[in-house]
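# Observations on chain architecture
Given next are the chains, with one letter for each unit.
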Amino acid sequence: MSEIFLLLKYTLKNRGKGGKISKILSPILPIFFMLVFGVPVGALAYKILSPVNTYIPAIVPEGYTLMDGIVSLVIIILSFLFFLGYSPMIIFTLFENETIPFLLSLPVKRISVFAVSSYDALGTAGVPAWYVVSFPIIYAIVLKISPVVPVLSFIFYIFLLIAISNLFAMVLSRFVSRTGAKRGGMIVYFITLFLYMIIYTPLSGAKKQNIVEFAQKLKVLFHISLSSFLPSTWLINGMKGSISGLFYLLVLSLFLYVLTYQLSKGMDFYVEKRVERKKIRFTPFSMPLFRKDWLYFKREPMNLYLVGFSLIFPLIMFTGSRDIFAILFMGVAIAGMYVPMLTAGLYTIERKSCPLPLTFPQNPSGILLTKTILPTLTFSLIALILSIPAVVKEPLTIILIVWFPLLYYSLSLFTLYLFLSRPSRDLTKKNILDLWEMLLMEFSTILIASMIYLAGGLYMSTLRGNEQKLLHLMSKNPVLFHALGIGLPTFAIIMLILLTGLFRGKIKRMGDRICG
Amino acid sequence: MIRARNLKKVFGDIVAVNSINLEIKNGEIYGFLGPNGAGKTTTIRMLTGTLKPTSGEIEILGIPLDKNEIEIKKRIGVVFEEPKLYENLKGTEFIDFIIAIYKLDREKTLAYLSELTEAFNIDYLDGFIGDYSHGMKQKLALVSVLMRKPEVVFLDEPTVGLDARSAKILKMLLEKITSEGRTIFMTTHILEIAEKMCSRIGIINRGELIAEGTLKELRKLSKTGSKSLEDLFLELTGGEEIAEIVEAL
């Protein structure tokens, strides 16, 4: 165990090149995320589950309540997502970690190297567990029992999931390549986030009667999900205070850890050499720099998430909302966060290949400026889709919408400028941009978007006779009303044009810093 | 042809390369030797336009590097010791990318590539580069440069990561390239390769070019009458006390 802690200490130290604040914050981040996800989900789950803690014979097996049935289903689904996301991430972390050959040369057990990789992967893949972290507390409150056995049962259940995922990762590592593992892991991770959004949005408005009606349709599933052979049922029993549930979880976890230890002795850490050998086919590349970026964009699951989230989230959040400008504004604000992320991703692939890009017969600033095309086009298209209702309602809105590409282009340039200003940043981190950089860009986007889309949109709307609360008072002072309605968007657009020119010029001069 | 005058690179307080002068003619294989951290890679990076020198002038193929860098980059090829390529691309896509970015004749290049891939036993181009081993990436980097038939080839430790067969093929190919009048600038730690292949050798130590010439000319610099390049190299770079060090261990 001390061996694992030692390796972990130096692995994390090796990676931690961030500033003092990020070093202080990083150990408490998992707790922060657990609270961010766990507390609201817990409050919502309590509201939904506490009224249904009743035995309904026709729906759930004897000894269980409707609450147990619903919880068992949620736990089974999230457990699957947990291990489907976690196992590929373990493999990917093993491959990504360039120190593995060195670690294997040390007089340490293979299981220790595997355990370090396994811990490292838990960060992102552990998301499904955050949602259900409040369940043992909910049980303790609803059943009015001590939280000790429920919490311990939950902890051992998580250990069990980790053990199953580790075993699965060992088996998977014999068949999956590094690229396949990374994609698999990331896709499941994003599906989890989407599921959360999609499941909890309609549930949040649910009432007891609806849940019982809903549960009627799931009675067959409840009988399967509450089978006494399933570890999830042992967890339910444990959360209800049963010592036997806790005992079964403990024994199975220990058995699987021993099995993992035995299997790790013969584990092959070098599966990245397994490359498929097929008949090769060449296809002509037109616009090579852009095409290369496009292939990255298509293949990196994170990008799928960025695009999907920025399009779907505003639509889900504002389903049925009459405030179309708010939808538009939300879309712009989300894209304001994701344009820098996509630009950062595109820049990172170039940096990771350095000094190769500098050998091409191309101006380095030209290579850099290409990185702005995809983020600008993608998010402008999304913004255009989101703005369709606004245009239908207020055709004049088109005057404001045409500035989307400029806003995203300047944001993308700003991201590149930040990178070139501090080229020595750690590219192995999941978040390449610092928190303050993200906040700065988000703040700038929201400020400019407010001036153009909120002020401009409301102004047009008010002109057409649709009263808007914000500008209503000002409309009594015509000078102030027109000055703000026309002045703010005009000022913001002029600022955007100036900033775009400024950043473009700086990037052209700083192009040589592409490789740091 | 490669020419460098008073080439200097300073990183903060460290002088990585200190006013070195080089003149390499067409058809030469120039071996650039030196201990770790002597300034070999920094020199290659400056000569290939991937690192700006602090001072000095560079001419490649008679063109000043600071005047027409793009034109020079079209006509030279460089393979670095660490083959960092685009990991999200497949090998075939990387080749297509190189063909497009250098605006090469597609058919001719692919025909020559096919010969090269067969020679180097490359049958994995349909896989993602991110899944390749170090040696596989090194071979891809090599063929992606050689298929362009550049007039000057810079190779930084080209045999590192290559299997014996590929290393042998590379050595023979380099001799063929120079017989066509093209120039090769190569760094290597394997002194046997330098001794057998290079028409001239330059030895750099702590950023200074301390010796240069043919093997015969270098032997004349020896105070102890060293015959082999290895002994000569150690004598010139201050490694003659090796026996004493080993004895003390």
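Residues numbered from 1 in each chain as written. Chains lettered and ligands numbered in written order. Predicted model: local features only at pLDDT ≥ 70, side-chain atom pairs only at ≥ 80, totals over all residues. Heavy atoms only, no water.

Let's shift gears to the overall build of chain B. In terms of helices and strands, chain B carries 10 helices and 10 strands. Here chain B has a C-alpha radius of gyration of 19 Å; the compact-globule value for 249 residues is 18 Å, and the two agree. Summarising the internal contacts of chain B: among those between residues at least 6 apart in sequence, 68% fall at separations of at least 24. Taking the 34 positively charged and 38 negatively charged side chains of chain B as two groups, their mean positions are separated by 5 Å. (Helix = DSSP H or I, 4+ residues; strand = E, 2+ residues; numbered from the N terminus. Rg over C-alpha atoms; globule rule 2.2 N^0.38 Å. Contact = heavy atoms within 4.5 Å. Lys, Arg positive; Asp, Glu negative; His and termini not counted. Charge placed at Lys NZ, Arg CZ, Asp CG, Glu CD.)

Attention shifts here to the pairing of strand 9 (residues 200-205) of chain B. For a regular strand, side-chain orientation follows a simple rule: the groups alternate between the two sheet faces. All names here are of chain B. The buried fraction of strand 9 amounts to six of the six residues, a majority that puts the element mostly inside the structure. Residues R200, G202 and I204 point to one face of strand 9 and I201, I203 and N205 to the other, with burial holding for every one of them. Alignment of strand 3 (residues 29-33) against strand 9, held across four bridges, turns out to be parallel. Across the sheet, residue L33 finds its bridge partner in strand 9, namely I203. In the sheet, strand 9 pairs with strand 10 (residues 208-213) via five bridges, with the strands oriented antiparallel. The residue of strand 10 that forms the bridge with N205 is E208. (Buried < 20%, exposed > 50% of the residue type's maximum accessible area, 1.4 Å probe, protein only. Pairing = 2+ DSSP bridges.)

It is worth spelling out the interface of chain A and chain B at this point. Residue-level contacts link 39 residues of chain A with 40 residues of chain B. Each partner contributes to the roughly 3600 Å² buried at the junction of chain A and chain B, and carbon and sulfur atoms together form 63% of this total. Within the residue set of the side of chain A that touches chain B, elements represented by two or more residues are helix 10 (178-203), helix 15 (288-299), helix 17 (324-352) and helix 18 (356-359) of chain A. Here the side of chain A that touches chain B takes six residues from helix 15 of chain A, the largest share from any one element. (Buried area = accessible area lost by both parts, 1.4 Å probe.)

Once that is clear, we can look at the confidence of the model for chain B. With 98% of its residues at a pLDDT of 70 or more, chain B has an overall mean of 89. The ipTM, which scores confidence in the relative placement of chains, is 0.89 for this predicted complex, and the corresponding pTM is 0.71. (pLDDT = per-residue confidence, 0-100.)

All names here are of chain A. Taken as a whole and judged by the stated rule, the model has one disulfide over all chains. Between the sulfur atoms of C354 and its disulfide mate C515 the distance is 1.9 Å. Where C354 bonds to C515 through sulfur, the torsion about that S-S bond is close to -85°, and the disulfide is left-handed. Taken as a pair, C354 in the loop between helix 17 and helix 18 and C515 in the segment after helix 26 (478-510) lie far apart in primary sequence, 161 residues in all. (Disulfide = S-S within 2.5 Å.)

Moving on to unusual backbone geometry. The residue after A:C354, namely A:P355, is reached through a cis peptide bond having omega 5°. If you trace the backbone, A:P355 turns up in the loop between helix 17 and helix 18. One non-glycine residue, B:N121, lies in positive phi territory at about 60°. For B:N121, the location among the structural elements is in the loop between helix 4 (106-119) and helix 5 (134-146). Although it is not a glycine, B:K149 adopts a positive phi angle of roughly 50°. Of note, B:K149 is situated in the loop between helix 5 and strand 7 (152-156).

Bringing the sheet that holds strand 3 of chain B into the picture now. Residues and elements named next belong to chain B. An order of 6-7-8-3-9-10 is seen for the six strands of this open sheet, with the pairing classed as mixed. Every other strand in the sheet has two partners, leaving strand 6 (76-79) and strand 10 as the edge strands with one partner each. On average, each strand axis in the sheet is tilted by 15° relative to the strand beside it, whichever way the strands run. Lying on the sheet, helix 9 (residues 229-236) is in contact with strand 3, strand 9 and strand 10; it crosses strand 9 at an angle near 30°. (Axes fitted to C-alpha atoms, helices over the stretch in contact; angles between N-to-C directions.)

Right, let's get into the environment of A:I145. Residue and element names in this part refer to chain A. Inspection of the secondary structure assignment puts I145 in the loop between helix 8 (135-143) and helix 9 (148-172). As for I145 and L252, which are separated by 107 residues in sequence, their C-alpha atoms are 25 Å apart. Ignoring any residue separated from it by four or fewer positions in sequence, one finds I145 in contact with Y139, A140, P150, M239, K240 and G241.

All names here are of chain B. The buried fraction of strand 8 (residues 183-187) is high, at five of five residues. Of the two faces of strand 8, the one carrying T183, F185 and T187 and the one carrying I184 and M186 are both buried. Here strand 3 pairs with strand 8 via four bridges, running parallel. The residue bridging I29 from the neighbouring strand is I184, located in strand 8. Summarising the sheet, strand 7 and strand 8 pair through five bridges and their orientation is parallel. Bridging from a neighbouring strand, D156 pairs with T187 of strand 8. Regarding the hand of the β-α-β motif, the stretch spanning strand 7, helix 6 (residues 164-179) and strand 8 is right-handed. (Right-handed = clockwise from strand over helix to strand, strands pointing away.)

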